[in-house]
Each structure stands twice: as C-alpha cells, then as structure tokens.
Amino acid sequence: MAEPRPAPEAGTALSALVGLAALAVGLAFLVLDPVGPTAPAWERALQGGGAALAGLLAILGAGGAVLARLAPRLLEDERGPLHAAVVGLLLWALLAGGLAMAGLLHPGVARALVAVLAAGWLARPPLRLPRPGPLALVIALVVLLPGLLDALAPPVDTDELYQHLALPRQILASSGLVGGPLHPDGSRPQTLHVVFACLLALGGEAAPRLFHLLLTALCLDGVRALGRQWLGAAGAWAPLVLVGSYSFLQTAGLAANDLPTALAVLAALDAALRGMALPLALAAGLALDLKYTAAGAVTGIFLAARLSWRQRVAAGLGALALVAPWWLRNVAEGLHPLFPFLGWDLRPLDPSAPGALGMPFQYLEKYGAGRSPTSFLMLPWNAVITAQVDGFRFLGRVSPLLLALVPGALAALRRPLPRRLALAAAVSALAWAAGPHWLRYLVPALPLVALALAAGVPQGPGPARLARAALALCLLAGLPANLGPLLLRAADRLPAATGHEARAAFLVRHHPPAAAALWANQHLPPDAVVAQLFDWSTALIDRPVLLGSVEDHVPSRAWLLTHGQASLRDLQAAGATHLVVTRTRFLAKLYPFLTEDERSRELEAPVAFLDELLLAQATLIYQDGQTRIYRLEPPTPDAAPDARARP
Amino acid sequence: MGGTLLGALLGTLLAGPAAAASGAFGAPGVAVPLAGLDLTCEDARYPALAGPWVVACGPDGKVDRALSLETGQELRLPRSFVHPGLAPGLLMGVGAEAGLLRLEPGGAVEVPISQVHKAGTAPPATDGLRGAMIEAEGVSAWPLQEPTRVVKPAHPAGWYPPALAGSRLAWVEDAGPDGEDVWWLDLDEPRAAPTPLAGGPGNQRHVVASGPFLAWVEPDAVVVLDTRQGETPAAERRTPARTGFSAPPSLWRDVVCWEQRPPGPVEDSVERDAQEGTAEGTAEGTAEGTAEGTAEGTAEGTAEGVDIMCSDGLRAGGPGHQRWPSRYGPWLLYRQGGQLWLRTAAAGPEDAGPEIAAPETAGPETAGPTGG
C-alpha cells in the first residue's frame, strides 16, 4: 500500500525549514570554520562584493532607463540585461571620464556616481534579470569560482599591476587623468579605468575585480541568451566553448578589459543582427573605447549588420564619436591620437642619445608560432592544439571545440543567419591573425566566434545526437588543459583570499619586486615621486609614479634611448625623487627574429646604459633580489652636463 | 669546483714561491680573479669576506660555499644562507636561516647558539659573542648563548645591516624628513636608550664595524670611529670620499675601503664592457692588476669608472668599475665586470690576527628560540 502523500502545506513548511536550515548551517560553516576566511577577509569580500553588486545594479538601472526610452525592444526578452549593462557602463564611463578630464573625479564624487546611475531604477525600466537554468548556474559557479578567489587575493597579475589597478589609483589620487610620455599607459582611452576608479573608491581593491567577475557572468549569460534567441538549441554550445577556454576565464576575477570588451561586442552583434543602428553605435563605441583590439570584431559586425550602408556609416561615425574624445585629448597634449600604441617620439632629445627610430611598440613575431605563410595556414591548428599557457606560444589556451565545430559551421553557411555570423567571426579572426598571436587578444571576439561556430551544431535525433556526443567528448578532452591551470591557481590563491597568507608574503612570493614596493611605501618620504624603470609594480606603490611599464618595457627603453646621458636628470626635472629599477634580461631565445645588432641596440643597450647612469648619478638605498631603489641626489657641479656618453 | 681550483692555482702561481709554499692566495700588489666563486648571489652583498674566508654563492644564489684565502681550501657549507651576517670565520642567520656556522680548516661547524627565529629586515650582525638584528620597529642585540633578546624601539631604515663594535650597536635610522642618520646603543648599559651618533644635513648611512671600530658614510666622506675613545673629536677620522652610492664601505680594524665614484662623466659603458669581456680573467687582466696594485690611493680615483680606495693606500682601479669592496687583513675582495677579484696589499696575511672572541663549539644546549 502506497504511503499517503504529505499535505501541500506541510511540504511548503518543510521546504522552508530545510532551506533555512541549509542556509544557516552553510553560513555558520563559512563564518565559524576555524580555517575559513578571517574577519579581515570577510570584510574585504563584503565591502568589495557590495560595491561590485552596487555597480552592476547601477549600470543595469541606468542602462535600462535609457533603453526604455531609446530602444525598448531591446529589453523585451532575456537579452535585456546584456544591452542594459552595456549602455549603463557607457553612461558611467562618459560621466566619470568627463569628470576626470575636468579634474573633478574626487573619491567622494566617484562614489556618488554609483548612486546617480542607480537612480535609473526609479524609472522602472522593464528589465528581466537573467534567469539561467540550474545546470547553467552550476556550470557558471564552478568555472567562476577560481575568479572569485583571484578577486579576493592581492593583485599580482602583470596587467593589473601596471595598468588596470594602477591607473584607477592614480586617477583617484589626482582626481584627474594622467598621460603623456611620463604616463604612457594613461594616454590610452581610460573608459574602464575611470569606472574602476569609482569602484576602488567605493569598495577597495576587490571591488573592480568582483565587478569584472560579475560582468564575466553577464557575458556568459548574454552568449547563452543570444544563442538561444538566434540559434535555438544549438546556441547552447556557444557558452560551452567559452567555459571550456582558459583564455576566456583567465581574467574573470581580475581587473581587466578583455571581457568587458567582449560584453560590448556581444551587444553590438545583437543590435546589428536586429537592425538597430543606435544601440549598435553605442555598443561598438564602448567596445572600441575599452580596447582597440575590438576593431576587428566591430568591423565584422558592421559588415554583417542588417542595416543599409547609410545606416552603417551613421552608426560607425557614432561609434567613433564615442572614442574621439580620447584621441582629441592626446592631440591636445601634443601626442599621436593613438599614443602609446603609435606615435612615440623616438628622436634623440639629447646630443648623447642615439634615439630609437624604428623601434616598434610591439614585436609581433614574439607571440605565436611564426608569421611565415605556412605559419598563417597552420595558425588555427597551432593556436588551438599547441598553445601554451605559460609561454609566448599564443600565451593561453582555448577549447578544442573551436576546431571541432568548424565543419558544421561551414555546412551551415547556406543559411542566412549563420552566414552573417560567420562573416563577422571571420573578419574578427583575420584581424586577430594580423596582430600579435596572443590568445587573450582574441577574447573580445571569442563570444562572437563561438556563436558563429555553434550555428553549425547538428540538431535532432540519430546521427546528429552522435555528433553532439562527439562534440561533448571533444569539450571534455580540452578541459584538463584549459581548466587545470585555473584550478591550480585557485588552490594557490585560496590562503591569501581567505586571509591565511599575509598580503606581503603572497605579493613577494608571486611578484618579487613587490618587496621593494612595500619598502618604498614604508620608508620613502611622503612627497616622494617614484620613476619606475623596467618595473611594473605601479599599483603597489603608494606614491605618484612616472613611466611604469608596458610591452617589453617600451617606456623605459624609449626614455633612455632618447634622453641618453640626461635620462636621470630629466626624470628629476620632471619631479622624480626616487627610482625603482628592476634588473631585466632580454633573453635571446625570446627574440630569435631580431638580429644580434637589433637586440643589442634596442633591448640590451638601454639596460646597460641605465646601470652606468645609476652608478654615476644615483644612490642605491635598497635592494631586494633584482629590484633596487635609488635616490636621485641634487646635481653636483662636477657632473659635467656637456660630457656625453653614448648609450 | 673546477673553476675554483683553477683560480686557486692561478692565484698561487701568480703569488710567487713564498705564497705558494704557504698556500695563501695572492701576493703583494697582485690582483687575481677568483674563478668559480663569481656566481650571482640573491643578495648583492655577497660574495664577501668573512675574515680570511671568501663566502660565495651556488647556482641558486644562496651563500653555500667558502674558500680559505690562507690555505686555498674550499668548503661546502652544511646549509645555505640568503642574508647571513658575517664576522671573521663566522656566518650567522636569523629567521628561517637561524643559526651560526664557524668556518674551520676541517670544515664548517654548526655552533650551538640560541637561535632567533624572527626574521630581520636586513642581514644580522655578529662579533662572535653577540648577535644583532634590526626589525621594522626596533633593534636588538643578544649574547649568542643566551635565550633572551631585548628589542629596543627604533625606526631602522631597513636593508642596512646593523654593526657591532665592542659593546656598541649601531644602525641606520630612518629619520623621516631628515633622511638617514646613524644611531647607536651601549649594550653594556641595560637601560641605555638609542641615541644619534651621526646626523645632521644629508644622509649618514652604511654603518659597518670591525673590532672596536665603526665606519659609516656621510655626504662626501667616510668616517671611522674608535668606539674606545667615545664620541670625542679625536676618535673620529673623516676621509673625503665620493661614496655610499652603491655598496657599503668595508672595515678591517681601522682600515676602511670604499667605492669611489669618478669625478667625471659616465663612460661609454657598452664599449668598455665589450672590451672588458675579452680581458677579464685573462693574464692580461691580471697583469693590469699587478701594475696598479701598489699605487697610492687618492681621494679622486680614476676618471674611468668606479674604483675602490682604502685608507691604507690599497686600491683597485683601472678600466671598468671595481665595486663591492670587502677587506680583511691584506686582502681586498671586489667585483669587476661580473668577475670576482682579489687584491693583496703589501703587508702579509700574517698581519691579520684574530680580532674576535671565538664562540664555544660545545656549549650548553640552549633553551630554544629567543623568539621575538
């Protein structure tokens, strides 16, 4: 005899009891666990998480309110949050960027901006918040957990240290923007950095990183939503390509710009396919603002857009208008509009200097597996199969699904929509191939590429099911290589993220020059100005910083090669009181494409010459490992200014 | 090891019959390269002399070997150090590398002492009887065999090791807007408070000790102080010098050696380094050293690069930069173009008598770490 079913009321009560008990026990476990997060770690997580959540809600509210007036159709379905977030982020960047250009982005103002944007909710935008299914939610939580630990651990990522956390700190410290040859990274578009500055002011170091993590989740949900809307069941494979790719998830919990760019590219794609010029212009403009490497994807999207050529031109001009203020700013400062990527003045500025005419900003040959015609033919295969996470051979990893899905995608070209997707993806991929073969640079276009490839996944029963099973096996085959490094990193970050490894110890363990930065914070005069030469610990130094680093230490090399004997004196004249110098070796094996003479002239000579200048003109006051701190003494009469050395 | 033996052989041959017979390195007025001991150390303060021993690093950048300049014997240390405090025949570590090693002809001996497991912010110091270290917010010295360590509040500049001269502990204090000053403390007075030893305009720093003598760097001078005479003007000897820009001075008794910055402009380093690369470690390079070795030291140095000057007239000069002096008795250890060199003064090694008290090798078991 069957058991009688419990009454529905009893079931609800029991469910509530079980739910509450589970939440309470889980919370108690986390809070009271002797080896769980420490009180300061909780504080950091709650403060940063609160600020990040506030930031996300603010952009959704602001973007939703604007779209409700401009393009309410975009809010009608599950793609609404994607579009609202992109427009909200653009609004935030415009407001904060304008204030920063005027020198008014004080910490208080930066915090208030979040509240201003959140006021968009007062307009009650008809926004449907993301509702992923349980399986999608579990997958997202699993793949984003390493990012959470990244976000809560101290920053050691190179790009965060020299740029994505360093610039927001400098913006907050000065209430304005920095730029020019002494702050070359500040001459890039600061769209995301002014937003990160606001988050930094609101919730500390973890806030921009957790905000970025939320944007990553939103990007994954956006790909899922677009896939379902445009491709049906086959669309579900697009987010799987992304969660199976190390390079996509690598920066999820860091302050970075590739994934926010991908978010904007995704919104631009949807707007283009829906024939909506204004949202396309806004999203494309934001994508270019966030990262110039989105240009390939944006071009592809414009080519594939369901718009007349006239509309496309208008939307394109609108997008460029959003980037133009940054170009105009550079021009107004006497720089090339695209500085620091182009327009370095490499002429000798001192008679003793050889100059650096012809020195490129970036050696494209350094990345990937060669740039011969054969290498280009083999590029898709090499980039997917032979890439290395820790080597310059593509510096990353992507899911093998990217190759496995190609036959299906080719077969799908007979249908109009996959053709448009494929066109946009192909242009994106070609643009990436023309640049440095670094998989991270592909990330802004990766959701678009994933959607284009997913369009060809066979649907239906029988052989199609077998094909999908094979694709699933292919995805699984790629997981160890792609998720393994992330899980290893997560295990490494865990003690620091939970407060069981001291911040200083973690920093020094992962980034040895941090010891010098910590010493500088403790011992340099409060009004010291630090020039960094061949060092990139900018975000860790609590003093104004000059030069810093980017790609093969271009700022330091360019400064030394153009200023020659006057290099340190000119830095002193620019306000520097101290130098942080990290000993750098440019290993020949990493630059096989350079002749001995080129390597010596462009890479090694500046380092050797700097050593000579330091011996003659600076005073060593600290050294730890390869990093040294020098004091710049006032010039002495016998330091003959007319005596010249040739670096 | 092979390189070291080659260096020893070369040094012995160049030193002449008398030195060869005694097994000692070098000969008056001769500079010889010490091949095999020139691996880069994690801490640039090493290789250096610990009395008549050269302590140097292995491939991992840690101090793990020693070469006797008296006998040519090379020792592998039973453990390695990153930032050891050095005294004649002694290496002392604190923190993760806590302990004391004594270098003897039979090998390196671990001396049982009361270990300090707290890490300092610079290498510790020892004179064989006491140990001393600096921390972020204090300085301390302790008898090596005793488990107590009193930390005196101070604000050391970090990085600069403390110096022990008799009963005096000296260190570089971070004086804030006033820059760096040298402070000291009388260890024989339990209630004594740290007091400034050298302050005023500019930075006073790089304090080192040998026996009862202290030396430090001031703007445009090196100062040697005989602590037995207290702070009287007669106790101080101030030598004009353009130094303190890189390595600390090195003190042996009251003889001080220092890096001398050239008065002129920076030389064309790239070309010079290229030339040195072919000359270093060859007979040519050594012959140069021979020719220069007995030159009288001046306060000016050569205009060709950083030279090393010593207050007793010994100097290391010539093309390239001679840097990181370490002096003991007649020996001057220094680095030039990535190579370790040894120059010997006119006085013989026998002039360098023991100047510190040797710690007990088989003392009573200590009560454990002195903590901190």
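Residues numbered from 1 in each chain as written. Chains lettered and ligands numbered in written order. Predicted model: local features only at pLDDT ≥ 70, side-chain atom pairs only at ≥ 80, totals over all residues. Heavy atoms only, no water.

Draft legend 1. Structural detail: the overall build of chain B. Assigned secondary structure in chain B consists of 4 helices and 28 strands. Counting across all 372 residues of chain B, residues that qualify as buried make up 58%. Considering only intrachain contacts with a sequence separation of at least 6, the fraction spanning at least 24 residues in chain B is 49%. Accessible area for chain B stands at about 13800 Å²; split by element, carbon and sulfur atoms hold 57% of it. (Helix = DSSP H or I, 4+ residues; strand = E, 2+ residues; numbered from the N terminus. Buried < 20%, exposed > 50% of the residue type's maximum accessible area, 1.4 Å probe, protein only. Contact = heavy atoms within 4.5 Å. Areas by Shrake-Rupley, 256 points an atom, 1.4 Å probe, with all protein chains shown as cover.)

Draft legend 2. Representation of the side chain of Arg631(A) within the structure. Inspection of the secondary structure puts Arg631(A) in strand β5 (residues 627-632). A polar side-chain atom of Arg631(A) sits 3.3 Å from a polar atom in the side chain of Glu633(A). Among the polar contacts listed, one links the side chain of Arg631(A) to the side chain of Glu180(B), at a separation of 3.2 Å. (Polar contact = N/O pair within 3.5 Å; in protein donor to acceptor, adjacent residues only side chain to side chain.)

Draft legend 3. The arrangement of the packing of aromatic side chains in detail. One pass over the full model with this rule turns up 16 aromatic pairs over all chains. Between Trp159(B) and Tyr160(B), the ring centres sit 5.1 Å apart and the planes meet at 65 degrees, which makes this aromatic pair edge-to-face. Cluster of aromatic residues (ring-pair linked, three or more members): Tyr363(A), Phe534(A), Phe586(A), Tyr591(A) and Phe593(A). Across the ring face of Trp438(A), the terminal group of Arg440(A) is positioned such that the distance to the ring centre comes to 4.5 Å. (Phe/Tyr/Trp six-rings, centres within 6.5 Å; stacked < 30°, edge-to-face > 60°. Lys NZ or Arg CZ within 6 Å of the ring centre and 35° of its normal.)

Draft legend 4. Broad picture of helix α20 (residues 416-434) of chain A. All names here are of chain A. Here α20 spans 27 Å end to end across 19 residues, near enough to the 27 Å set by a 1.5 Å rise per residue. Of the positions making up α20, those classed as buried are Leu-417, Pro-418, Leu-421, Ala-424, Ala-425, Val-427, Ser-428, Trp-432 and Ala-433. Contact partners of the buried residues in α20: α9 (206-231), α12 (258-273), α14 (295-304), α16 (373-377), α17 (379-385) and α21 (446-454). (Expected span 1.5 Å × (residues − 1).)

Draft legend 5. Here's a closer look at the nonpolar core. Ranked by size, the top nonpolar core spans 226 residues in total, and within it Trp92(A), Leu105(A), Phe211(A), Leu280(A), Leu568(A), Leu579(A) and Leu214(B) carry the most contacts. Beyond its immediate stretch of four places on either side in the chain, Leu280(A) contacts Ala268(A), Ala271(A), Ala272(A), Ile301(A), Phe302(A), Ala305(A), Leu307(A) and Ala315(A). Ala27(B), Leu34(B), Leu37(B) and Leu333(B) belong to the second-largest nonpolar core, a separate cluster that totals 18 residues. (Core = buried A, V, L, I, M, F, W, Y, C linked by side-chain atoms within 4.5 Å.)

Draft legend 6. A look at the confidence of the model for chain A. Chain-level statistics for chain A give a pLDDT mean of 94 and a share of 96% at 70 or above. Counting interchain partners and residues more than four positions distant, the pLDDT-below-50 stretch residues 638-647 of chain A has 25 contacts. (pLDDT = per-residue confidence, 0-100.)

Draft legend 7. The arrangement of the packing of helix α5 (residues 134-152) of chain A against helix α22 (residues 463-497) of chain A in detail. Residues and elements named next belong to chain A. Direction vectors running N to C along α5 and α22 enclose 40 degrees, while the axes themselves pass 8 Å from each other. It follows that α5 is oblique to α22 by the angle criterion. Between α5 and α22 lies a crossing whose hand is left-handed. From α5, Pro-146, Leu-149, Asp-150 and Leu-152 reach across to α22, where they touch Leu-486, Leu-487, Arg-489, Ala-490, Arg-493, Leu-494, Ala-496 and Ala-497. Residues that form the contact of α5 with α22 fall into these classes: 9 nonpolar, no polar and 3 charged. (Axes fitted to C-alpha atoms, helices over the stretch in contact; angles between N-to-C directions. Parallel < 35°, antiparallel > 145°, perpendicular 65-115°, else oblique. Left-handed = near helix turned anticlockwise from the far one by under 90°. Nonpolar A, V, L, I, M, F, W, Y, C, P; charged D, E, K, R; others polar.)

Draft legend 8. Looking closely at the packing of helix α13 (residues 277-290) of chain A against α14(A). Residue and element names in this part refer to chain A. Two elements in contact, α13 and α14, have axes whose closest approach is 9 Å; the angle formed by their N-to-C orientations is 160 degrees. Put simply, α13 runs roughly antiparallel to α14. Where α13 crosses over α14, the two elements pack in a sense that is left-handed. Together, Leu-280, Ala-284, Ala-287 and Leu-288 of α13 and Ala-295, Val-298, Ile-301 and Phe-302 of α14 make up the contact between the two elements. Among the residues making up the contact of α13 with α14, the classes are represented as 8 nonpolar, no polar and no charged.

Draft legend 9. Fine view of the sheet that holds strand β24 (residues 307-310) of chain B. Residues and elements named next belong to chain B. On the basis of which strands lie adjacent, the open sheet formed by 4 strands has the order β22-β23-β24-β25 and antiparallel pairing. Edge positions in the sheet fall to β22 (250-252) and β25 (315-316), since each has one partner strand and no second. Alignment of β24 against β25, held across 2 bridges, turns out to be antiparallel. Paired with Met-309 across the bridge in β25 is Arg-315. (Pairing = 2+ DSSP bridges.)

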